[in-house]
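Inside the fold
Chain by chain, the residues:
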Amino acid sequence: MVIIMKKQASSEDINHIKVKIEKLGCKVHTSEGESCIILGVVGDTSSIDTGIFEVEESVDKVMRVQSPYKRASRAFHPSDTVINLGTTSIGGNNLTVIAGPCAVENETQLLTIASAVKKSGATILRGGAFKPRTSPYSFQGLKEEGLKLLKKAKDLTGLPVVTEVMSIDQIEVTSKYVDMIQIGARNMQNFELLKAVGKTDMPVLLKRGLSATIEEFLMAAEYIMASGNEKVILCERGIRTYETYTRNTLDISAVLAVKKLSHLPIIVDPSHASGRWWMVEPLSKAAVAVGADGIAVEVHNDPANALSDGEQSIKPEKFTAMMHSLSDLAKIQNKTLKVD
Ligand code: PEP
Ligand code: MN
């Protein structure tokens, strides 16, 4: 349920309604709309009569929210959420470009790629230190050693860094070195992990599960937000379908659906969606064209010898060229991406 206050409602009026909500055993989620305050009622509202709020002078409208997610819902927070991250921010008029290798492999590899993507205008550096691999025999990541290298790359380039955590015990050490935590597709419904990152104050990049519906995706965001962390960025990275030509099927319409249903920023990962390097630029353009808040792409200086996902990684030169076309395209969505 959301309660839209009248423009002229005073802070005493708002407080009075908040107390009334809390007396019903519910929590209040306050958001400032363009011209009024919106109070979200979080909890079991099924037996609450909307009339008890409608009779109040200061209340403009009371609406029931049908969706099972509340904090993530646009009804609760009509304006787009913008999340600050170091030197940049995600959402609003910014086009975010997260770039870097799939996995941190060694110092030279990471620093070479980090400087290249920074030079071309990337806004955030990515790199996996804990890698979720289908085979237990594949490279599993450098773990804390990888985190230290990410910090080195951050110090060198000034770029904020995002990396994935796969378990609760990896959160503490990871948060010492990086700026944003990634929850990978395979963990989108690891509810204990979602609750744990929800207790931190770090922005969380939440990737859509391999077979998750949009509602399940938003419910996963709700888990993080319900634990106290509202800094969630969603990432559409392709879903499993019957198609085998591409690694996954990029659900580009999910960007539009999420934009309608939620106020959270959403970016697109064309690398994991397609599994093919030559699809990365056209799919990135598609993402920008539909209004995504950014992209996350894998870049490698030597894809043929990459320890993971070489086939979907673009080379730095390709990345530079792509950035120029994305910067031009961003304008049609009133977004800015600065490239030199
Ligand atoms: C990744 O971004 O490194 C990754 C493993 O992606 P996903 O969880 O989307 O498969
Ligand atoms: Mn990868």
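Above: the structure in question.
Let me begin by describing the structure that accompanies this report. Given the structure is predicted, the values throughout are model-derived calculations rather than measurements. (Residues numbered from 1 in each chain as written. Chains lettered and ligands numbered in written order. Predicted model: local features only at pLDDT ≥ 70, side-chain atom pairs only at ≥ 80, totals over all residues. Heavy atoms only, no water.)

Considering the pattern of salt bridges
- On inspection of all chains with the given rule, the structure shows 17 salt bridges.
- The residue K154 makes a salt bridge to D179 at a minimum N-O spacing of 2.6 Å. Placement of the pair is K154 in helix α4 (residues 144-157) and D179 in the loop between α5 (171-177) and β10 (180-183), with a sequence separation of 25 residues.
- A salt bridge links K259 to D293, with the shortest nitrogen-to-oxygen separation between them at 2.6 Å. With K259 in helix α8 (residues 253-261) and D293 in the loop between α10 (277-290) and β14 (294-298), the pair connects residues that are 34 residues apart, well separated along the chain.
- A single salt-bridge network, built from bridges that share partners, covers R208, E236 and D251. (Salt bridge = Lys/Arg side-chain N within 4 Å of Asp/Glu carboxyl O. Helix = DSSP H or I, 4+ residues; strand = E, 2+ residues; numbered from the N terminus.)

Points about the environment of A114
- Relative to the elements of secondary structure, A114 occurs in helix α3 (residues 107-119).
- With relative accessibility at 0%, the residue A114 sits in the buried group.
- With sequence-adjacent residues up to four places away left out, A114 is seen in contact with L125, A153, T157 and L159. (Buried < 20%, exposed > 50% of the residue type's maximum accessible area, 1.4 Å probe, protein only. Contact = heavy atoms within 4.5 Å.)

Looking at the sheet that holds strand β1 (residues 2-5)
- Read across the sheet, four strands follow the order β2-β3-β1-β4 without closing on themselves; strand pairing throughout is antiparallel. Of all strands in the sheet, those bounded by a partner on one side alone are β2 (27-32) and β4 (59-63). Ignoring strand direction, the axes of neighbouring strands in this sheet form an average angle of 20°.
- Two elements, β1 and β4, share four bridges in a ladder whose sense is antiparallel. Counted as the bridge partner of I4 is K61 from β4.
- In the packing of helix α1 (residues 11-23) onto the sheet, the strands contacted are β1, β2, β3 (37-42) and β4, and the crossing angle to β3 comes to about 10°. (Pairing = 2+ DSSP bridges. Axes fitted to C-alpha atoms, helices over the stretch in contact; angles between N-to-C directions.)

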